[in-house]
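Fold and contact review
Take a look at the letters that make up each chain.
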Amino acid sequence: MFLAGAASLESKKEWINELNVFPVPDGDTGTNMTMTIMSAAKEVVGLGDPVDMLTLAKTISSGSLRGARGNSGVILSQLLRGFTKVMKENEVLDIPLMAEACVNAVESAYKAVMKPKEGTILTVAKGICDKAIELKDSGLTDMNVFIDELIKEGDRVLLTTPDLLPVLKQAGVVDSGGQGLMEVLRGAYDAFQGKEIAYEITPATGRGPSAGSMSASASSDADIKFGYCTEFIIMLEKPFNVKLELDFKAFLESIGDSIVLVADDDIVKVHVHTNDPGMAIQRALKYGALSNMKIDNMRLEHQEKIFKESEKLAAGVDDGTGLPEDVNVTVEACGDAKQGVEADNSGLKIAPCASEKKEMGFIAVSVGEGLDEIFSSLGVDIIISGGQTMNPSTEDFVNACNKINAENIFIFPNNKNIVMAANQAKFLVEDKNIVVIPTKTIPQGITAIINYVPDMTVEENESVMLSEITNVKSGEVTYAVRDTMIDDKEIKEGDYMGIGDKGILSVGTDMNNVVYEMVDAMANEDTELISIYYGEDVDEQSADELCRTLADRYGDCDVELQFGGQPIYYYIVSCE
């Protein structure tokens, strides 16, 4: 049922993206929810059959939490996490247990949101929960009727979301997150009824390219950076929770690559390529006794393999040697691969950082070559490539925190849809003090880090940053992907839109005029600085002309122009 729900959501993700209120080209609710649930689904597929309820519940919970992206993804992960807490204690789920699981799911989700807003996925989930309690109290025992009624109630509540959020009604759409939740439930119900579902979910796997596809002359010992293939099983002596799992993976990343770590209640299967197997073994002993230990010198094996492959190639033989077909494992991008540009599967980019011990570290989310350079020049240790187009996951933030050798780390999410994922990471990193500055725009992030003072305490810096970002008004210019009506503004497909902190400020067919109107709505008599960051689709000459015009219009203000290189948004502008 879970896999069918995930497949159902994935099949509708683009349609759900289009339900976003703002008709921007990077509407991402469907994408975020899909990536969140698929993070867990791929691990579930890798479990194989049979699987007990406890293992399934833990896999769904930890997988969705690590993969959570965006507000909608974080809320979905919390719904799954709360539900599976009840589910994991029972091999058979009846209606009373399902109702209890629904209650726990909703409570977990509401706790994850600092200021819960009705008319969202939370409202839909709560409506389903209330119906589950009502049906349980009625004495209903037919699970088929129970699930059917929950879906009918969820659809009914979803249709009321425009009445609870005027912006939804004006745009003529229901809440996209709520719609995503209903698609998960519909897929699950199809599986419950025995309908054939094409899951097509690729398990997380350690399987690499076939060795036979590489010519002997194309590789050498120099390609093997880490020489010892190290494998063992940890017989756990204490609970191995998500936090311990992420910490152990981060340690393995620091000493090697090709990390494989699969955990269940009693054991942890570990695989790592490293130059110091003893370090991996010593760390593992903290969690329990070891068994099935195996260490191979890959450089020696590699030399033998090349010799044999050379003979086969000369004879025209290719046996397609690879990993066994029955291997189902989870692979984590790690080591130097994580240090490179766009090294991981999500397309996120993590820049190299200094390794010396220090008091303060900084992480910023950014997108665009120019903006990345700005943050780097301001002292940011790790830049996570993301933003409105691709929201980083909770695990991306955890991994970044683990890479910085500092006692305190400031995180600047720089997008309102990323703040929740950053906050989730804060609770998973226990050996460092993580401070999330809830910057909702790139200009806010730049202002926050500019105001960092080395001689002040963490608390003092946090207070100053929180105060200074309130003085920043941000606006972004992009284009509309559909016709709609928002904030009493009629928008046609292809129009340029100037989007401010709280809504659409300008609409039109001339890009520059849209920028001027947007700045007019943002600036006031207290404005001293106007900063302009032009995107990858704007040429420097056009940006210079726009900057000069704004400088003439606002003679009392400093007007600065910088290359941002951001996609989709032609200009990002701030007034301070």
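Placed above this text is the structure.
Residues numbered from 1 in each chain as written. Predicted model: local features only at pLDDT ≥ 70, side-chain atom pairs only at ≥ 80, totals over all residues. Heavy atoms only, no water.

1. Observations regarding the nonpolar core
Formed by 91 residues in total, the largest nonpolar core has its most connected members in F2, I37, F146, I363, F397 and I411. Among the elements that line this core, the one with the most residues is helix α6 (residues 95–112), at 11 residues. Listed in part, the 24 residues of the second largest apolar core include M518, C547, L550 and Y554. (Core = buried A, V, L, I, M, F, W, Y, C linked by side-chain atoms within 4.5 Å. Buried < 20%, exposed > 50% of the residue type's maximum accessible area, 1.4 Å probe, protein only. Helix = DSSP H or I, 4+ residues; strand = E, 2+ residues; numbered from the N terminus.)

2. What to know about a negative patch on the surface
Where like charges cluster on the molecular surface, the negative patch consists of E525, D526, E528, D558 and E560. The topology assignment puts D526 in the loop between α20 (511–522) and β15 (529–534). (Patch = residues over 30% accessible without salt bridge, like charges linked within 9 Å, V, L, I, M, F, W, Y side chains within 5 Å. Areas by Shrake-Rupley, 256 points an atom, 1.4 Å probe, with all protein chains shown as cover. Salt bridge = Lys/Arg side-chain N within 4 Å of Asp/Glu carboxyl O. Lys, Arg positive; Asp, Glu negative; His and termini not counted. Charge placed at Lys NZ, Arg CZ, Asp CG, Glu CD.)

3. What to know about the sheet that holds strand β13 (residues 496–500)
An order of β14-β13-β10-β17-β15-β16 is seen for the 6 strands of this open sheet, with the pairing classed as mixed. The two strands at the open ends of the sheet, each matched to only one other strand, are β14 (503–508) and β16 (558–563). Within the sheet, the average angular offset between the axes of one strand and its neighbour, ignoring direction, is 20°. Bridge count between β15 and strand β17 (residues 571–575): 5 bridges; the pairing is antiparallel. (Pairing = 2+ DSSP bridges. Axes fitted to C-alpha atoms, helices over the stretch in contact; angles between N-to-C directions.)

4. Here's the deal with the pairing of β14
Regular strands place their side chains on alternate faces of the sheet. Here β13 pairs with β14 via 5 bridges, running antiparallel. Following the sheet pairing, Y496 is matched in β14 by G508. Taking the residues between adjacent antiparallel strands as the criterion, β13 and β14 are bridged by 2 residues.

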